[in-house]
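Structure at a glance
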Amino acid sequence: MIRLNRIVEEITEAGKIENPYLWDYDFEDDDGNIFYSFSTPKHTYSVAFTPQGVDRYQLFFNTEGDMGQDTEEGVALRVLSTVSQIANNFIKERQPIEVIFSPIKTKGTEDSRRFNVYKLYLEKNLTSDYKLLTIDNTFHLMKK
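Here goes a summary of the coordinates provided.

**Observations regarding the pattern of salt bridges**
Scanning the model with the defined rule gives two salt bridges in all. The residue Arg 56 makes a salt bridge to Glu 98 at a minimum N-O spacing of 3.0 Å. Note that Arg 56 is positioned in strand 4 (residues 56-63) and Glu 98 in strand 5 (residues 98-101), a separation of 42 residues in sequence. Residue Arg 56 is classed as partly exposed on the basis of its relative accessible area, which comes to 31%.

As structure tokens, then:
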């Protein structure tokens, strides 16, 4: 619990989306998948919004080569800030009913700490016309 309290303090100190990496819209493919990308000093990340029905999308973000796993380069909050900024931009432009995603996991663990950090961060930074629901190990950004 002490560790989670420290995380809450860090998120509170971080405030709104700060210091995200520069990101780019890449393209939309023929299947309606929408792609963005950004780079950290060590990795390039891809962010994709994949249609899951009418006005619903699944958000995936991964590094090239370490699909779905933490890169352990120590920039998790900055990556989260960047992905959150991309998601908020996507929401403002597309106004989907729902965007669903799961946090990247720390290698070899079920990482409840990271899940809690994402939840706190998303609650603090989500656009006002959306609400955050958690179902199992996924986040659902739902239009109000």
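And the narrative resumes.
**Let's talk about empty space enclosed by the protein**
Vacant regions in the atomic arrangement are exposed by a probe of water-molecule size rolled over the atoms. Applying the stated criterion to the full structure yields one cavity of 30 Å³ or more. Contributing to the lining of the largest cavity are Ser 84, Ala 87, Asn 88, Tyr 121, Leu 122, Asn 125, Leu 126 and Leu 141. Among the residues forming the lining of the largest cavity, the class breakdown is five nonpolar, three polar and no charged.

**Description of the pairing of strand 7 (residues 138-143)**
Within strand 7, five of the six residues are buried, which leaves the element mostly enclosed by the surrounding structure. As judged from the four bridges shared by strand 5 and strand 7, these two strands associate in the antiparallel manner. Bridging from a neighbouring strand, Glu 98 pairs with Met 142 of strand 7. When strand 6 (residues 130-135) meets strand 7, the two strands line up antiparallel, connected through six bridges. Paired with Tyr 130 across the strands is Lys 143, a residue of strand 7. Where strand 6 folds back on strand 7, the antiparallel hairpin that results is connected by two residues, among which Asp 136 adopts a positive phi of roughly 55°.

**Points about the nonpolar core**
Nonpolar side chains tend toward joint burial in soluble globular proteins. If you look at the biggest cluster of nonpolar residues, it comprises 29 residues, and the most contacted ones within it are Phe 38, Val 47, Phe 49, Leu 59, Phe 61 and Phe 101. Residue assignment for this core shows that the elements contributing at least two residues are strand 2 (34-39), strand 3 (44-51), strand 4, helix 2 (76-94), strand 5, helix 3 (112-125), strand 6 and strand 7. In terms of residues, this core owes the most to one element, helix 2, which gives seven residues. In this structure Val 47 touches Ile 34, Phe 35, Tyr 36, Phe 38, Leu 59, Phe 60, Phe 61, Val 83 and Ile 86, once residues within four positions along its chain are discounted.

**Thoughts on unusual backbone geometry**
For Gln 95, which is not a glycine, the phi torsion comes out positive at approximately 50°. Here Asp 136, not a glycine, exhibits a phi torsion of approximately 55°, which is positive.

**Here's the deal with helix 2**
Over its 19 residues, helix 2 extends 26 Å from the first C-alpha to the last, a length consistent with the 27 Å expected when each residue adds 1.5 Å. Every buried residue of helix 2 is accounted for by Val 79, Leu 80, Ser 81, Thr 82, Val 83, Ser 84, Ile 86, Ala 87, Asn 88, Phe 90 and Ile 91.

Rules used throughout
- Residues numbered from 1 in each chain as written.
- Predicted model: local features only at pLDDT ≥ 70, side-chain atom pairs only at ≥ 80, totals over all residues.
- Heavy atoms only, no water.
- Salt bridge = Lys/Arg side-chain N within 4 Å of Asp/Glu carboxyl O.
- Helix = DSSP H or I, 4+ residues; strand = E, 2+ residues; numbered from the N terminus.
- Buried < 20%, exposed > 50% of the residue type's maximum accessible area, 1.4 Å probe, protein only.
- 1 Å grid on protein atoms, 1.4 Å probe; cavity = no way out; pocket = protein on both sides within 12 Å on 5 of 7 lines; lining within 4 Å.
- Points joined across faces, edges and corners; volume = space filled by probe spheres on them.
- Nonpolar A, V, L, I, M, F, W, Y, C, P; charged D, E, K, R; others polar.
- Pairing = 2+ DSSP bridges.
- Core = buried A, V, L, I, M, F, W, Y, C linked by side-chain atoms within 4.5 Å.
- Contact = heavy atoms within 4.5 Å.
- Expected span 1.5 Å × (residues − 1).

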